[in-house]
Structure formats: structure tokens, C-alpha cells
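# Summary of the model geometry
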Amino acid sequence: MAAGAHLDVERIRADFPILARKVNGHPLVYLDNAATSQKPRQVIESLVDYYERYNSNVHRGVHTLSIEATDAYEDARGKVQRFINAPSPQSVIWTRNTSESLNLVAYAWGDANVGPGDEIVITAMEHHSNIVPWQQLAFRTGATLKIIPETETGRLDMEQAAELITERTKIVAATHMSNVLGTVIDVKTLAAAAHRVDAVMVVDGAQSAPHMPVDVQDLDCDFFAFSAHKMLGPMGIGILYGRPEILEAMPAWMFGGDMILEVTYEDASWNDLPYKFEAGTPNVADAIATGVAADYLSALGMENVWAHERQLTQYALDRFAELEPIRLLGPREVDSKGGVISFFHDSIHSHDLGTALDQLGIAIRTGHHCAMPLIRSHDIVSAARASFYIYNTEDEVDVLIDGLKEADRYFSKAGVA
Ligand code: 7TS
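First, a word on scope: everything that follows refers to the structure included in this document.

### As for the overall build of the protein
Check the secondary structure of the protein and you find 14 helices and 17 strands. Radius of gyration (C-alpha) of the protein: 22 Å, near the 22 Å computed for a compact globule of 417 residues. When its C-alpha atoms are laid out on the principal axes, the protein stretches across 75 × 55 × 40 Å. Out of the 417 residues in the protein, the part that is buried amounts to 56%. Considering only contacts within the protein whose residues lie at least 6 apart along the sequence, 72% involve residues at least 24 apart. When the accessible area of the protein is evaluated, it comes to approximately 17,400 Å², of which 51% is carbon and sulfur surface.

Structure representation (C-alpha cells):
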């Protein structure tokens, strides 16, 4: 491990089969981690192991395979509980992804507690998944959506936040880290403001849980949503943490097998937490593999993961300064941002930049990043984005910068830029 290094990146890279791949004749440089992360062999093997050795339905079998599957499924819940320091396994609900977790809160808690004249406060940095469920809740209930603005330097305007969170506020919903700007939001302070007016605090942790230490009890949030696929786990599985007493009081949302206690033709009653919110056969294999992913990250140490990414981001920010026609979105200082750098070229469309980089084996994301209001507020329609993870290196940042210089030269010669 190199001096000053927080992670043994070479060793980590050896765990990720896909990183050995070539794309368009070049070694893959995967810088689209905010969209989804790659998966280590341990996670892939866990999926194969489940289907080869103990695939079975859970919570209903007396046979060995079902008992093994149930034990592993619940064991994984415990791993995720420890990963975010949730107070109990019952407060950890498996969903499909962050989007479903947020919809669950909007429907189950929102429909029961929000009415005409109430206010829902979100931020100007939200992914559509943390805008539209609240907008729809507002339409259904007659509530109003309020937006905490971004400052000139790409941070959240906390003074405005203090003014917008009032006695009328029922829900404050904020991303912990912006998927476009990389800005880390002080959700702990927002939670305190929400609680002063008896509102609930919902945190979209899709971009934070994979990259930094998260302690939901320390944040004092009421709900925390994230996706396994952005933290080395499989697609199709997500997590909703809910404060236990709120989950107890919250009505069920989806109905069906496993979530019931007793059913007659006249009525039905609900199972205990967390099963009340897990209707139907769950995604057992992917839950177990999520536990493996959480273990993988915990073994590295989330402090080290965060330090590695910030170091890499600082390096990238310094190197981006060499690129004249390219402008950055979001804070320029790593003390207030994580490993996401969004940028745009004065005269080359981000899709063209993305395609040019792909020719060199470099994977970035381009477009509106599912955050149209945020992108538009910067008077652009599209941006390019590089986002880092545990296996990325300074050499890869160099490849990106060289690639951008090459694209700039190419399009300039073609008379486009
Ligand atoms: N919230 C944030 C902050 C996100 O970045 C994303 C996904 C989601 C919610 C939704 O997660 P899902 O697992 O339910 O889809 N963000 C991105 C992205 O930035 N590029 O692709 C997906």
C-alpha cells in the first residue's frame, strides 16, 4: 500500500472481475459509480452460492433449505443494521431500491399524516426520486412543496432552510449527498430543525451510505433510504431504515403474503416489524449478497473509503483546472463534497464528450442525472459526470483528463468546439 494511501487499491481491484475488461480496445476506466457500482467477486459468488446450494422461500418452511435461506436473509438484515447503526433489525426494511423506499414513506406515512395547508420541505439538490413522491403526495393531500435553495458556491442555504421549516412543515426530505454536485448536506441540522416543529426527517442516502460512515441514530433522522447496487451489492434491492416507533404507528402500504398476521373475509391484521412492510416473497439472494457487500465495505472501513474518495476528488479537481473550456458544477473544496464531479464544456454537448470518452474505454454519465430542476437551475440542459469509488486511482483520473483534452482537440479541429 502506498504511503498516505487509505485503501490498498491494487488488492481491491483484484476482487472486481469486470475491471480486467477492455472497452473499445482500452482498459475499462469506470467512473460512473454514482449510477451504479461494480461488484466484487465475493458478492457475485454469494449469489451463485445461494442459487446452487440453498435457494428456497423464507419464513414459511420447516425444511432445511428454507431454514438456511431464512437465517441468511435475516443475518444480512443484521449486517445492514450494523452498517448504518440502526437501533434494531426490525427497523431495517428491504425494498427494491431508494426510489421504492422513498415512495413507501410518502404513501404510508405521508397519506396518514399530511393534509391541506401542510408543507413538505425538500432541497434544490434532489434526485427525481426525492422530488416526485413528495410532489405527488402534495397533489393527493393539498399540501405545498417548498424548496431550500442552493448557494452560489454549491452548498445548501441553511439560513433559508431555517426559515422554510415552520409549524406548517410535516416532512423535511433531503439528500445526504447530491448525485450531481457531490455536495454533502448537513442533514443532522435539518433533522433538528424538523423535530423542533414535530416534522419527520427523511434522508435520501443513495449517495452517502456507499461512500461515508453513516450512523442513523447520530443523524437523528426518522427515515433513511438507500440502494444496494450503489454500494457493491446487486441491483433490485434497497433499504429503508425507519425509527422504530414511527414504523410501529405507520399503516401498511403493500398487502399480501408474509405481511399479515391473520386474515378473514371480513378483515386482516398485520405482522410485526419489519415484515409488515415486506409483502410477498422477498428478494432473498440479493438481500444476502447485500450483507456481503456491507461486510466488504466495513472490512475496508468507511472512514478509509471516504478518505480515499476525497483524496481522489481533490486530485481530480486540481487536474480539472487545466481544462480551459470546461466548467464545474458544485463546490470546489473537498471538505464539503464527496467523489462526484459534474462538468460541462462551453461548446461540446456532454453526450458528445461521453461518446468520445467511451471510445477510450472511459465510462462517465451524461445528461440530466435524474435531477432536471437542479440542472436547469444552472442554465444548462445536460452535464457530464465522473464519480469515484474504492477501486479508482489517480492514474484513471489522468486518463480522464487526457481523454477530455483529446476530445477538445478533436471537436475543435472538426470546427464544433
Ligand atoms: N437518490 C439519489 C441521490 C440518487 O443518486 C439516486 C440514483 C436515487 C435516489 C435513485 O436510486 P435508485 O436505486 O432507486 O435508482 N442516482 C443515479 C444517478 O445519479 N445516475 O443513475 C442513477
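### What to know about the sheet that holds strand β13 (residues 326–329)
Strand order in the open sheet made by the four strands is β13-β14-β17-β16, with antiparallel pairing throughout. Of all strands in the sheet, those bounded by a partner on one side alone are β13 and β16 (365–367). Going from strand to strand, the sheet's axes swing by 30 degrees on average, the running direction of each strand aside. Relative to strand β17 (residues 383–387), β16 runs antiparallel, the two being bridged by three bridges. By the bridge assignment, Thr366 is partnered in β17 with Ala384. Of the strands in this sheet, β14 (340–345), β16 and β17 touch helix α12 (residues 350–359), which is tilted by about 160 degrees from β16.

### Observations concerning the site of the ligand
Around the ligand lies a shell of 17 residues, among which Ser99, Asp204, Ser227, Arg365 and Arg385 are the nearest. Measuring from an oxygen atom of the ligand, one finds a backbone N or O atom of Thr98 at 3.4 Å. Asn179 places a side-chain nitrogen or oxygen 2.8 Å from an oxygen atom of the ligand. Burial of the ligand by the surrounding chains reaches 89%, relative to a free accessible area of 490 Å².

### What to know about empty space enclosed by the protein
Inspection of every chain in the model, using the stated rule, returns one cavity of 30 Å³ or more. In this model, the largest cavity occupies a volume close to 30 Å³. As for the largest cavity, its lining consists of Asn33, Ala34, Met177, Gln207, His211, Glu309, Gly339, Val340, Ser387 and Phe388. In the lining of the largest cavity, the residues fall into four nonpolar, five polar and one charged.

### What to know about the sheet that holds strand β10 (residues 238–242)
Strand order in the open sheet formed by seven strands is β4-β10-β9-β8-β7-β5-β6, and the pairing between neighbours is mixed. Every other strand in the sheet has two partners, leaving β4 (92–95) and β6 (144–148) as the edge strands with one partner each. Sheet twist, expressed as the mean angle between neighbouring strand axes with direction ignored, is 20 degrees. As paired elements, strand β8 (residues 200–204) and strand β9 (residues 223–227) share three bridges and run parallel to each other. Its bridge partner lying in β9, Val203 is registered against Phe224.

### Considering the packing of aromatic side chains
Aromatic ring pairs: the centre-centre distance and the angle between the two ring planes describe each pair. Tallied over the entire structure, the rule returns eleven aromatic pairs. When the centroid spacing of 4.8 Å and the interplanar angle of 65 degrees are considered together, the rings of Phe16 and Tyr391 count as edge-to-face. You can see Phe16 sitting in the loop between α1 (9–14) and β1 (22–23) and its partner Tyr391 sitting in the loop between β17 and α14 (394–413), a full 375 residues away along the chain. By the burial criterion, Phe16 is buried, and Tyr391 matches it.

### Brief notes about the pattern of salt bridges
Under the definition given, this model contains 19 salt bridges. Arg385 serves as the salt-bridge partner of Asp32, at 3.5 Å between the closest nitrogen and oxygen. Note that Asp32 is positioned in the loop between β3 (29–30) and α2 (41–54) and Arg385 in strand β17, a separation of 353 residues in sequence. You'll find Asp32 and Arg385 in the same group, each marked buried. For the salt bridge of Asp220 with Arg243, the shortest nitrogen-to-oxygen distance reads 3.0 Å. Of this pair, Asp220 sits in the loop between α8 (216–219) and β9 while Arg243 sits in the loop between β10 and α9 (244–249); the two residues are 23 residues apart in sequence, bridging distant segments of the chain. A residue is classified by how much of its surface remains accessible, and Arg243, at 19% relative accessible area, is buried. Salt bridges linked by common partners bring Arg319, Glu322, Asp398 and Lys405 together as one network.

### Focus on the packing of α12 against α14
Direction vectors running N to C along α12 and α14 enclose 115 degrees, while the axes themselves pass 9 Å from each other. The hand of the α12/α14 crossing is right-handed. Side by side, α12 and α14 meet where Asp352, Leu353, Ala356 and Leu357 of the first sit next to Leu400, Gly403, Leu404, Ala407 and Phe411 of the second. Split by residue class, the contact of α12 with α14 holds seven nonpolar, one polar and one charged.

### Considering unusual backbone geometry
Of note, the bond from Leu273 into Pro274 is cis; its omega dihedral lies within 30 degrees of zero at 0 degrees. Relative to the helices and strands, Pro274 resides in the loop between β12 (268–270) and α10 (284–300). In the Ramachandran plot, Asp379 falls in the positive-phi region, its phi being about 60 degrees despite a non-glycine side chain. When you line up the elements, Asp379 lands in the loop between α13 (372–377) and β17.

### A few points about the side chain of Ser387
Residue placement: Ser387 occurs in strand β17. A polar atom in the side chain of Ser387 sits 2.8 Å from the backbone nitrogen of Ala34. Leave out the neighbours within four places in its chain, and Ser387 touches Leu31, Asp32, Asn33, Ala34, Gly339, Val340 and Asn392.

What counts, and at which threshold
Residues numbered from 1 in each chain as written. Predicted model: local features only at pLDDT ≥ 70, side-chain atom pairs only at ≥ 80, totals over all residues. Heavy atoms only, no water. Helix = DSSP H or I, 4+ residues; strand = E, 2+ residues; numbered from the N terminus. Rg over C-alpha atoms; globule rule 2.2 N^0.38 Å. Buried < 20%, exposed > 50% of the residue type's maximum accessible area, 1.4 Å probe, protein only. Contact = heavy atoms within 4.5 Å. Areas by Shrake-Rupley, 256 points an atom, 1.4 Å probe, with all protein chains shown as cover. Pairing = 2+ DSSP bridges. Axes fitted to C-alpha atoms, helices over the stretch in contact; angles between N-to-C directions. Near = heavy atom within 4 Å. Polar contact = N/O pair within 3.5 Å; in protein donor to acceptor, adjacent residues only side chain to side chain. 1 Å grid on protein atoms, 1.4 Å probe; cavity = no way out; pocket = protein on both sides within 12 Å on 5 of 7 lines; lining within 4 Å. Points joined across faces, edges and corners; volume = space filled by probe spheres on them. Nonpolar A, V, L, I, M, F, W, Y, C, P; charged D, E, K, R; others polar. Phe/Tyr/Trp six-rings, centres within 6.5 Å; stacked < 30°, edge-to-face > 60°. Salt bridge = Lys/Arg side-chain N within 4 Å of Asp/Glu carboxyl O. Left-handed = near helix turned anticlockwise from the far one by under 90°.

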